[in-house]
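Given next are the chains, with one letter for each unit.
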Amino acid sequence: MTTYGSFPGTRPRRLRTTPAMRRMVAETRLHPADLILPAFVREGISEPVAISSMPGVVQHTRDTLKKAAVEAVEAGVSGIMLFGVPVDEKKDAVGTAGTDPDGILQLAIRDVRTEVGDDLIVMSDVCLDETTDHGHCGVLDAEGRVDNDATLERYAEMAQVQADAGAHVLGPSGMMDGQVGVIRDALDQTGHEDVSILAYTAKYSSAFYGPFREAVASSLKGDRKTYQQDPANLRESLRELALDLEEGADMVMVKPAGPYLDVLSKVADAVDVPVAAYQISGEYSMVEAAAEKGWIDRDKAIMETLTGIRRAGANMILTYWAVEAARQLRSS
């Protein structure tokens with residue numbers, strides 16, 4: 001047998017020999033500031049309500065939401081994305097609670113801003129699905145279809161009241177054509193030029209939203225395939241991206257994160273604005289369920305999923321593990 005004195009000459013394993021070596025040469029690093037905490041606040045409850053399909057996540061009262069915001073600041077998390085859950089009696093066809101200055105989401109925005117000021121970026125969801133009795137993200141026409149342009153009018157109103165309440169960033173998530181431009185105009189015309197827009201640029205119609213619908217007590221019947229993107233399509237996301245940037249988006253997002261890392265990578269390569277990814281409820285619940293069964297190492301799986309999203313190009317990650325992961329990162 002022929003021998004080679006130095007074969008193999010190149011040994012990549014040399015850079016994997018110890019934890020210190022692996023840490024030194026790591027190409028991707030997670031930091032608490034990369035993380036954003038999605039949080040739910042529910043009207044009419046006196047104690048937090050556990051979400052059965054999302055172990056460890058709750059619908060907050062206004063008081064416990066303020067505590068969660070303080071914990072996020074202390075952990076070094078950058079932002080909190082708020083979702084309001086009104087009582088069923090306040091849901092109607094046009095989502096009136098979403099534009100009521102005293103609606104639960106607007107109250108929550110004020111609460112968090114009062115509690116933590118500018119120490120945490122307060123983000124709010126600009127969408128009607130939580131406040132409509134039909135559960136869709138927009139106003140329906142006479143035939144029961146989502147009316148894009150009538151919905152834009154509602155989004156403009158929502159943007160104004162959320163900005164008035166103190167939101168730093170608005171996240172239009174309904175996937176209506178033209179939503180970013182309409183919201184930008186509404187903000188600029190009402191003295192809110194400094195409020196940023198995080199565009200839900202590529203939001204796919206996904207099977208992984210199921211637990212979220214429990215979290216927001218969704219009234220949805222049917223699906224959202226006529227306005228959320230088809231999971232089969234990638235180029236369509238880049239078209240949506242160009243439109244959102246043209247309309248004035250300050251940041252862009254891909255949702256869900258894990259099943260769409262290829263989309264996230266393409267978007268990140270194409271832009272010079274910050275890119276977010278939302279690790280959604282189903283992604284969270286799968287890890288929690290498998291860990292509960294003893295099938296995976298929960299803590300390692302959490303950090304691996306977050307690292308993969310960061311590696312694919314996300315500058316910011318919305319994750320229900322934000323505070324826990326931030327604490328782990330700070331202690332490591």
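What counts as what
Every chain is numbered independently, its residues counted from 1 as its sequence is written. For this predicted model, a pLDDT threshold of at least 70 governs which residues receive local features, and a threshold of 80 or more governs which side-chain atom pairs are given and counted, while totals over whole chains, interfaces and linings are taken from all residues. Calculated side-chain values reflect all of the structure's heavy atoms, with hydrogen atoms and water omitted. Here a strand is any run of E in DSSP of at least two residues, a helix any run of H or I of at least four, and the numbering for each starts at the N terminus. Helices are assigned an expected span. That span is 1.5 Å times one less than the residue count. The classification of residues rests on relative accessible area computed with a 1.4 Å probe and restricted to protein chains. Under 20% of the type maximum is buried, over 50% is exposed, and intermediate values are partly exposed. We call two residues in contact whenever any of their non-hydrogen atoms come within 4.5 Å of each other. The set of buried Ala, Val, Leu, Ile, Met, Phe, Trp, Tyr and Cys residues whose side-chain atoms join them within 4.5 Å is what this entry labels a nonpolar core. In summary, the charge assignment counts Lys and Arg as positive and Asp and Glu as negative, without counting His or the chain termini. We count a salt bridge whenever a side-chain nitrogen from Lys or Arg sits within 4 Å of a carboxyl oxygen from Asp or Glu. Residues qualify for a patch when their relative accessible area is over 30% and they have no salt bridge, like charges being joined within 9 Å and the nonpolar side chains of Val, Leu, Ile, Met, Phe, Trp and Tyr within 5 Å. Every accessible area reported is derived by Shrake-Rupley at a probe size of 1.4 Å, with residue values counting cover from the shown protein chains alone.

Caption draft 1: Region of the structure containing helix α9 (residues 281-292). Taking 1.5 Å of rise per residue, 12 residues should cover 16 Å, and α9 covers 16 Å from first to last C-alpha, within 8% of that figure. Among the 12 residues in α9, nine count as buried, and that is most of the element. Within the span of α9, buried status applies to Ser281, Gly282, Glu283, Tyr284, Ser285, Val287, Glu288, Ala290 and Ala291. Looking at the buried positions of α9, the neighbouring elements they touch are α6 (210-215), β9 (275-278) and α10 (298-311). Looking one or two residues beyond α9, the residue adopting positive phi is glycine 294, at roughly 80 degrees.

Caption draft 2: A look at the nonpolar core. Ranked by size, the top nonpolar core spans 98 residues in total, and within it Phe40, Ile80, Leu82, Tyr155 and Tyr278 carry the most contacts. Tyrosine 155 has contacts with Val126, Cys127, Leu128, Cys137, Gly174, Met176, Gln179 and Ile183, leaving out every residue within four places of it along the chain.

Caption draft 3: Broad picture of helix α3 (residues 104-116). Counted at 1.5 Å a residue, the expected span for α3 with its 13 residues is 18 Å, and the 18 Å between its end C-alpha atoms agrees. Within the span of α3, buried status applies to Ile104, Leu105, Gln106, Leu107, Ala108, Ile109, Asp111, Val112 and Val116. Those residues of α3 hidden inside the fold are in contact with β1 (35-42), α2 (62-75), β4 (79-85), β5 (121-126) and α4 (148-165). A positive phi of about 60 degrees marks glycine 117, the residue just after α3.

Caption draft 4: Quick look at the side chain of glutamate 240. On the secondary structure map, glutamate 240 appears in helix α7 (residues 235-247). Within the buried core, glutamate 240 has no salt-bridge partner, and the shortest N-O distance to an opposite charge, that of arginine 239, equals 7.4 Å. The contact partners of glutamate 240, leaving out residues within four places of it in the chain, are Met175, Thr201 and Gln229.

Caption draft 5: Region of interest: the pattern of salt bridges. In total, this model carries 15 salt bridges according to the counting rule given. Of the charged contacts in the structure, one is a salt bridge between glutamate 157 and arginine 154, with a shortest N-O distance of 3.1 Å. Here the residue glutamate 157 and the residue arginine 154 both occupy positions in helix α4, the gap between them amounting to three residues, near one helical turn. Residue glutamate 157 is classed as partly exposed on the basis of its relative accessible area of 37%. In this structure, arginine 184 and aspartate 250 form a salt bridge, with 3.6 Å as the shortest nitrogen-oxygen distance. Of this pair, arginine 184 sits in helix α5 (residues 179-189) while aspartate 250 sits in the loop between α7 and β8 (251-255), placing them 66 residues apart in sequence. Here arginine 184 falls in the buried class, since its relative accessible area comes to 11%.

Caption draft 6: Focus on a nonpolar patch on the surface. A contiguous nonpolar surface patch, about 280 Å² in accessible area, is contributed by Leu15, Met24 and Val25. Looking at the secondary structure, you find methionine 24 in helix α1 (residues 19-25).

Caption draft 7: The arrangement of the side chain of serine 205 in detail. With respect to the secondary-structure elements, serine 205 resides in the loop between β7 (196-203) and α6. Taking the relative accessible area as the measure of exposure, serine 205 reaches 16% and is therefore buried. With near-sequence residues (within four places) excluded, serine 205 lies in contact with Lys225, Gln228, Gln229 and Pro231.

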